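Observations on chain architecture
Each chain, letter by letter, is given below.
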Amino acid sequence: MYPCFIMLEHHIEQLCDAFQDAICISDRDGVVELINRRYTEIYGIAREDIVGKSLLKMKEQGFFDVILNPEVIRSGQSSSRVQHTADGRQLIVEAHPIVDEGGLTIYCLTFIRDVTTLSKLREQLTAQRELLDTFQQLSHAVELPCYPHEVHSAAMRALYADMDAIANTDATVLLLGETGVGKDVLARGIHSMSRRAKQAFIKVDCGSIPKNLIETELFGYEAGTFSGASKNGKAGLIEAAAGGTLFLDEIGELPMLMQSRLLRVLQDGEIMRVGATRAKKMDVRFIAATNKDLEREVAHGNFRSDLYYRLKVAVLKIPALRQRKADIQPLARSFLNYYSAKYHKAMRLSSEAEAALLTYAWPGNVRELENLIQGLVVTGKKDVIDVSSLPIPIARTGKDGLQAAPFLPETLDLEGKSYKDLMRELENGLLKTLLARFGTISEVARHVGVDRSTIFRKVRDMQKDAPAEGPKDGKA
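So, a few notes on the structure that sits alongside this text.

Cut-offs used in this document
- Residues numbered from 1 in each chain as written.
- Predicted model: local features only at pLDDT ≥ 70, side-chain atom pairs only at ≥ 80, totals over all residues.
- Heavy atoms only, no water.
- Pairing = 2+ DSSP bridges.
- Helix = DSSP H or I, 4+ residues; strand = E, 2+ residues; numbered from the N terminus.
- Axes fitted to C-alpha atoms, helices over the stretch in contact; angles between N-to-C directions.
- Expected span 1.5 Å × (residues − 1).
- Contact = heavy atoms within 4.5 Å.
- Disulfide = S-S within 2.5 Å.
- Buried < 20%, exposed > 50% of the residue type's maximum accessible area, 1.4 Å probe, protein only.
- Core = buried A, V, L, I, M, F, W, Y, C linked by side-chain atoms within 4.5 Å.
- 1 Å grid on protein atoms, 1.4 Å probe; cavity = no way out; pocket = protein on both sides within 12 Å on 5 of 7 lines; lining within 4 Å.
- Points joined across faces, edges and corners; volume = space filled by probe spheres on them.
- Nonpolar A, V, L, I, M, F, W, Y, C, P; charged D, E, K, R; others polar.
- Parallel < 35°, antiparallel > 145°, perpendicular 65-115°, else oblique.
- Left-handed = near helix turned anticlockwise from the far one by under 90°.

1. Examining the sheet that holds strand S14 (residues 314-317)
Strand order in the open sheet formed by 5 strands is S7-S10-S13-S6-S14, and the pairing between neighbours is parallel. Where the open sheet ends on each side, the last strands, each with one partner, are strand S7 (201-205) and S14. Adjacent strand axes in the sheet meet at a mean angle of 20 degrees when their direction is disregarded.

This is the structure in structure tokens:
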């Protein structure tokens, strides 16, 4: 043997220690002859504890789940596998035969590469891609004008004080109140005052998502779960809200099966995608809202009692607008400033018009007031909005706060009209009142128990009767 090879043999361990990959050399019987420093780092075992030991026995003891020595010795061919360690890491193992002069395999040289970090990065990239797909499908086009925080009514001052107290906690919040009182605005307010303010705020309208889609929308799904699904899988809205706030609007409309799944999320802080076999930990703050009496829904078997009590941690009841009249004029001015700026106008309410707003009952609450002001700004041709510009139900409101309904027979002009014409006028008046109260065609249809397409058709017919009136885009 050449002297340089004799010298190299003395330094073989140092040479192997210079490799970034782990190295193991074993003999024909699977007994370890040599390992390098990286091997000890990956497996957490000292040289003296493995050199001279059988890899086969170590596999039997559960130290490895895969060894390639027997296969390489038998076949004389290189081989590679994925190996999982007892502490959950993922390794790529490549084994190569070393043969003597006669072609007999006498050693197995194995290289081991830890790809756990790479696998985690790949999983994170996949998760980010799925979240991006989910965010792209969310509508960020909803504009909410700022409701004034300098409220005047005692009821709202008390409510804002409660909001301040709970905002920086992670407590689940339940918002109660009639349709249109501004539950979504207050939910965003709680989020913006919390330590999660810089994270996502995701709103889910539980009543508008079809029942056959709500599970995948909320929880997401794994790749290949069903035909037509994204090939990469999809993150659900709960995952999209990770680190932030998930606002479940109209939670009283959530199907019973989804109530059960949501309860497990609230209890365990984990979600499981559709088609998944492993749950994920999820840090999400939940805010729920409803205009229903959940206690009554529980009594009637329409809502799970355990979910109700899990939601009933911090309960905020938002008073109707008619119960806080001191806020009507500040809100009206706030909306007027907002929409005047948006549509590049300079408008104000006359003192008589502001007084008329105070005497109206506002069955549609803040939403009705906002829609009214927006409509007045859009259609107004004068700088001052006076009483004559207000809709008849508001302009004719009495001191008791009860408005004269525009569709009652005594308000109709009966001269020269057929029964069919009169009935159409009555129906149009009712539609206008419903739209003013509930805001959108979908909400009207839901509250009166009629198919949305029916309401849409009737509104379209009403617009044909009076092209200058009525919603142009399905909204009041």
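2. A word on helix H14 (residues 328-342)
Between its terminal C-alpha atoms H14 stretches 21 Å, which fits the 21 Å expected from 15 residues at 1.5 Å a residue. In the core, the buried residues of H14 are packed alongside strand S15 (348-349), helix H15 (351-359), helix H16 (365-379) and strand S16 (384-385). Count one or two residues on from H14 and you reach His-344, which has phi positive near 60 degrees.

3. A closer look at the state of the cysteines
Counted according to the given criterion, the structure contains 0 disulfides. Looking at Cys-108, it has no disulfide partner, and the nearest cysteine sulfur is the one in Cys-24, 7.7 Å off. Cys-108 sits in the buried class, given a relative accessible area of 0%.

4. Describing the nonpolar core
The biggest cluster of nonpolar side chains holds 32 residues, and the ones touching the most others in it are Ile-238, Leu-246, Leu-248 and Phe-286. Every element with two or more residues in this core is listed here: S7, helix H9 (214-219), helix H10 (237-240), strand S10 (245-249), helix H11 (256-268), strand S13 (285-290) and helix H13 (305-311). Looking at which element gives the most residues to this core, the answer is H11, with 5 residues. Discounting residues that sit within four places of it in the chain, Phe-286 has contacts with Ala-171, Thr-172, Val-173, Ile-238, Leu-246, Leu-248, Leu-262, Val-265 and Leu-266. Formed by 23 residues, the second largest nonpolar core is a distinct cluster that contains Tyr-360, Leu-369, Leu-372 and Val-377.

5. Here we look at empty space enclosed by the protein
Scanning the entire structure with this criterion turns up 2 cavities of 30 Å³ or more. Looking at the largest cavity, its volume works out to about 120 Å³. Every element with two or more residues in the lining of the largest cavity is listed here: helix H3 (37-43) and strand S5 (105-114). Its residues assigned to classes, the lining of the largest cavity shows 10 nonpolar, 3 polar and no charged.

6. With respect to the packing of H14 against H15
H15 packs onto H14 with a crossing angle of 125 degrees between their chain directions and a minimal axis gap of 9 Å. Taken together, the axis directions place H14 and H15 in an arrangement best described as oblique. Crossing of H14 over H15 shows right-handed handedness. Judged by residue contacts, Ile-328, Gln-329, Ala-332 and Arg-333 of H14 engage Glu-354, Ala-355, Leu-357 and Leu-358 from H15.

7. Re the side chain of Asp-249
In this fold, Asp-249 is placed in strand S10. Take Asp-249: its relative accessible area is 10%, and that puts it in the buried class. Not counting residues within four places of it along the chain, the set of residues in contact with Asp-249 comprises Lys-183, Lys-203, Val-204, Asp-205, Cys-206 and Ala-289.

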